[in-house]
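# What the coordinates show
The chain contents come next:
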Amino acid sequence: MNTTKIGWAGLGNMGIPMVSNLLKAGYAVQVFNRTRNKEKDVLDAGATAAGNLSKLGSGNDITLTMVSDDAAAKELFTAPEGLLAGEVKGKLFINVSTVSPETSRFLEESCINKGAAFMEAPVSGSVKPAQDGTLIILAGGTEDAYQKAKPLFDVLGKLSLLVGPVGAGSAAKLAINYFLGLNLQGLAETVLFAQANGVKTEDMLTIINEGACGSGITKLKSPAILKGEFPAAFALKHLAKDLRLAKEQGLDAPLSTPLYESFKQAQEAGLGDEDVMAIYKHLDK
Ligand code: NAP
């Protein structure tokens, strides 16, 4: 059993497999999720329940957070009964959700004001890499915090990089998700164009995946296109959020606005809780 006590808030699609891997690696993990019944799977796997955020933050050495967006992360840390409400001097907090660099710096400042340390560590990779412990972890913070967090990163991911101070990890994450969005939009548009000209979907996907244009993401998402089913691994609303954050962070490239608009419209059309690849369904009108 590893002696570092780990706290974890946020048990959605990503949080559950990540906590499961920490448990398998021998860490004692205490958890809290706003919707308490979603704690069941990890409690069955050996985690314990903190009952509230304040106890989670003060009762563990390192507490990680994996929630939807900036507002949720801010609320977790700074609510009157939030993670920082109790005695947290000397503790380390790591936000692994995708938020803006500005929010990350706000969280860092909130922690420092309470005598705690903060690091951001958004992750690249979806549910399968989270299950397999093969995420790529984009850390931003001090070398000291990174060295403390590294054993956890080694369990959760196949690679972690300290890319700079707090804010740099979030910026790297927004950049890679812009590239992800371009890939998904491009895949959907390409297959639909081919279809409209009499090419079978299956054949077009084979042409893509067997050639130089095939990639991890095109291969991963092809079965969903063929089945026409898009259960969320990475919810479309989260990518729409990341594209908005990238724009707010200054991304102003020829494709950035139309790409954001496309995902935003798909979300507005009711596809936000389906997988990012449901952009295909949205464009297939
Ligand atoms: P998810 O399945 O939608 O889960 C969201 C989690 O956030 C749930 O635990 C939810 O609690 C919690 N939450 C939302 N608002 C909250 C609030 N105001 N206060 C407290 N908790 C709140 O999301 P996910 O797919 O795990 O993604 C989490 C983060 O990782 C996002 O920032 C996403 O962009 C990023 N990410 C996702 C993927 C992916 O493939 N899924 C990959 C890389 C990064 P409830 O259960 O109570 O609703």
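### Quick word on the packing of aromatic side chains
- Scanning the model with the defined rule gives 4 aromatic pairs in all.
- Consider the rings of phenylalanine 77 and phenylalanine 93, whose centres lie 5.9 Å apart with planes at 65 degrees: the pair is edge-to-face. Taken together, the positions of phenylalanine 77 in helix H4 (residues 70–78) and phenylalanine 93 in strand E5 (residues 92–95) put the pair 16 residues apart, joining distant regions of the chain.
- Geometrically, the ring pair formed by phenylalanine 77 and phenylalanine 118 is edge-to-face, given 6.0 Å between the ring centres and 75 degrees between the ring planes.

### What to know about a nonpolar patch on the surface
- Together, Leu159, Leu161 and Val163 give the surface a local cluster of nonpolar side chains, amounting to about 220 Å² of exposed area.
- Summarising the element assignment, leucine 159 is placed in strand E9 (residues 157–164).

### Here we look at the domain arrangement of the protein
- Domain assignment breaks the protein into domain 1 (2–164) and domain 2 (172–284).
- Taken residue by residue, the interface counts 14 residues in domain 1 and 12 residues in domain 2.
- In total, domain 1 and domain 2 occlude about 1000 Å² of area from one another, counting both sides; carbon and sulfur atoms represent 64% of this.
- Seen at the junction of domain 1 and domain 2, the total is 0 salt bridges.
- When the residues that make up the side of domain 1 that touches domain 2 are grouped by side-chain class, the tally is 6 nonpolar, 6 polar and 2 charged.

### Section: the environment of glycine 270
- Inspection of the secondary structure assignment puts glycine 270 in helix H12 (residues 256–271).
- Classification of glycine 270 by relative accessible area gives exposed; the value is 56%.
- Linking glycine 270 and histidine 282, residues 12 residues apart in sequence, is a C-alpha distance of 9.5 Å.

### Details of the site of the ligand
- Near the ligand you find 25 residues, and of these Asn33, Thr35, Lys38, Ser68 and Ser126 are the closest.
- Between an oxygen atom of the ligand and a main-chain N or O atom of methionine 14, the distance comes to 2.9 Å.
- For the ligand, whose accessible area on its own is 900 Å², the fraction buried by protein is 90%.
- If you list the elements that add at least two residues to the shell around the ligand, you get H4 and helix H11 (236–248).
- Looking at the shell around the ligand element by element, the count peaks at 3 residues for H4.
- The class makeup of the residues in the shell around the ligand is 9 nonpolar, 11 polar and 5 charged.
- A domain-level breakdown of the shell around the ligand finds at least three residues from each of domain 1 (2–164) and domain 2 (172–284).

About the cut-offs
- Residues numbered from 1 in each chain as written.
- Predicted model: local features only at pLDDT ≥ 70, side-chain atom pairs only at ≥ 80, totals over all residues.
- Heavy atoms only, no water.
- Phe/Tyr/Trp six-rings, centres within 6.5 Å; stacked < 30°, edge-to-face > 60°.
- Helix = DSSP H or I, 4+ residues; strand = E, 2+ residues; numbered from the N terminus.
- Patch = residues over 30% accessible without salt bridge, like charges linked within 9 Å, V, L, I, M, F, W, Y side chains within 5 Å.
- Areas by Shrake-Rupley, 256 points an atom, 1.4 Å probe, with all protein chains shown as cover.
- Salt bridge = Lys/Arg side-chain N within 4 Å of Asp/Glu carboxyl O.
- Domains from an automatic or database assignment.
- Contact = heavy atoms within 4.5 Å.
- Buried area = accessible area lost by both parts, 1.4 Å probe.
- Nonpolar A, V, L, I, M, F, W, Y, C, P; charged D, E, K, R; others polar.
- Buried < 20%, exposed > 50% of the residue type's maximum accessible area, 1.4 Å probe, protein only.
- Near = heavy atom within 4 Å.
- Polar contact = N/O pair within 3.5 Å; in protein donor to acceptor, adjacent residues only side chain to side chain.

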